Amino acid sequence: MTKKNTHTGEFYQRDRYMHPPAYAEIYKTSVPRSPKQALISIENSLSEITGPTFGHNDLGELDNDLIKNYAQTGDAIGERIIVHGRVLDENGRPVPNTLVEIWQANAGGRYRHKKDMYLAPIDPNFGGCGRTMTDEDGYYFFRTVKPGAYPWRNWVNSWRPAHIHVSVFGTAFAQRLITQLYFEGDPLIKKCAIVNTIPDQDAIDGLIAPLDMNAGVPLDCLAYKFDIVLRGRRSTLFENRLEGN
Amino acid sequence: MPQNLNYLRETASQTAGPYVHIGLAPGAAGFELFEKELGQDIVGPNAKGERITITGRVLDGTGSPVRDVLLETWQANAAGIYAHDEDPRHSEVEAGFSGWGRVISDFNSGEFVINTIKPGATPGRNGATQAPHINLWIVARGINVGLNTRIYFEEDSDAHASDPTINLIEQLHRRDTLLAKKTGENTYQFDVVLQGENETVFFDV
Ligand SMILES: [Fe+3]
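As the structure is a computational prediction, the values presented were derived from the model and not from experiment. (Residues numbered from 1 in each chain as written. Chains lettered and ligands numbered in written order. Predicted model: local features only at pLDDT ≥ 70, side-chain atom pairs only at ≥ 80, totals over all residues. Heavy atoms only, no water.)

K.L.:
So what exactly am I meant to see when it comes to unusual backbone geometry here?
P.N.:
A positive phi angle, close to 55°, is found at N97(A), a residue other than glycine. Structurally, the position occupied by N97(A) is in the loop between β3 (80-89) and β4 (99-104). On the basis of relative accessibility, which here comes to 38%, the residue N97(A) falls in the partly exposed class. Residue N126(B) is not a glycine yet carries a positive backbone phi of 55°. Turning to its location among the elements, N126(B) is positioned in the loop between β5 (122-123) and β6 (129-130). For N126(B), a relative accessible area of 49% gives the class partly exposed. (Helix = DSSP H or I, 4+ residues; strand = E, 2+ residues; numbered from the N terminus. Buried < 20%, exposed > 50% of the residue type's maximum accessible area, 1.4 Å probe, protein only.)

K.L.:
Honestly, the environment of A128(B) in this entry has me stumped. Any pointers?
P.N.:
Residues and elements named next belong to chain B. Relative to the assigned elements, A128 resides in the loop between β5 and β6. Separated by 68 residues in the primary sequence, A128 and G196 have C-alpha atoms spaced 32 Å apart. Beyond its immediate sequence surroundings of up to four residues, A128 is in contact with P123 and P164. (Contact = heavy atoms within 4.5 Å.)

K.L.:
Whenever I open this one, the pattern of salt bridges confuses me. Can you help?
P.N.:
Any two side chains of opposite charge can pair, given that their charged atoms come close. Considering all chains together, one arrives at 23 salt bridges over all chains under this definition. Close ionic contact of K118(B) with D156(B) constitutes a salt bridge, the shortest N to O distance being 3.1 Å. Of the two residues, K118(B) sits in the loop between β4 (111-117) and β5 while D156(B) sits in the loop between β8 (147-153) and α3 (157-160), which places them 38 residues apart along the sequence. Bridged by salt links that share partners, the residues E10(A), E43(A), R234(A) and R125(B) form one connected network. (Salt bridge = Lys/Arg side-chain N within 4 Å of Asp/Glu carboxyl O.)

K.L.:
Looking at this structure, how should I read the pairing of β3(A)?
P.N.:
Residues in a regular strand project their side chains so that they alternate between the two faces of the sheet. Residues and elements named next belong to chain A. Burial runs high along β3: eight of the ten residues are buried. Both β3 and strand β6 (residues 139-145) contribute to a ladder of seven bridges, which runs antiparallel. If you follow I82 over to β6, its bridge partner there is R143. Bridging between β3 and strand β12 (residues 222-225) involves four bridges; their strand directions are parallel. Bridged to H84 within β12 is K225. Examined bridge by bridge, β3 and strand β13 (residues 228-230) share three bridges and lie parallel to one another. Its bridge partner being in β13, V87 is matched across the sheet by I228. (Pairing = 2+ DSSP bridges.)

Here it is in structure tokens:
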């Protein structure tokens, strides 16, 4: 039995009990967009255990600062916050040098997107997207403003809780994940159909970022902590049966 | 009580939503922010092999095109090598070849276009060979967990007969849902059907 680097090798099976099912009646758009046939489970090949890598050259200086990265005449309007945390795998190991991308509505709940017609105003100084790479310890941070809640068409009076969309790569295509960050204490979380597609309360709690006073900057901004866990790889192999070597 | 295993649990997925473009393809959302939008050039200038274009649409259970979908592609080069250090041959990959791409559907027609090279066959498990394929990951509003599928190429039917993944699909007619259809010299058509008749085969990887 060999102890392996846990950033190589095959992945643990994804726990489908804690992910939302494809079909969730309460989230109406999922009804016509959900496969009805069972997924075919395939054992990992090179196609799954490899994936794209990114370098700091791909990113710009202000990419992780949403208060400044679209500023035209001044800072973005809203409650100034830091969002920070670590990307880990299921083995508890940090995932270094991986790309984290976020997008969000502005403080009034309006997206800078040609499809968003909500009556809250566009903030001329806020784009609403950011990206960064984790460091050697899997740590990442963004500076932004707290997004506003916004209405959406599901039931007649459906509102999304304040949230930030988060996309993470990890070290292989099989770890690819998009999720949403919610904020501690938001009463809309419980009422949200999209949140409630997740069947497992612990899994929902795992998407709620706690207020982290220690990570804020006095007289400047508050902070919320959001750790992200990606699938783990098998750390021990009795024999290496992968890919022809 | 036995000991605790102390594994963490994977973070739950949530839909990418209708505004996924803001974060992952801001040009399409209607503004310029990043100096460099990622995933726009899959193969780079030095890639060997056949340059191909795959066009297609993602269709929902009613047959309507999904017009706010985002797809990511991941593939080997023409020699069947992935640009990633877990591929033992990765140092042979052409400079500038990433193998990863990001495309979105047209907001009106729902059509997406993938410009790439045709990948080579790749090693499978236990000495098997995988027929040339592009790995596809699909997210959109209404898709709660990103969907994984593969694009194979219809002309490779001999290689498909021994492809370990294709052979896992019990219903023979469903295997055809993974085939890109040749429409010209270097062009293919590949539609994804999310639900219903001819539903595309999706994988739990
Ligand atoms: Fe949103």
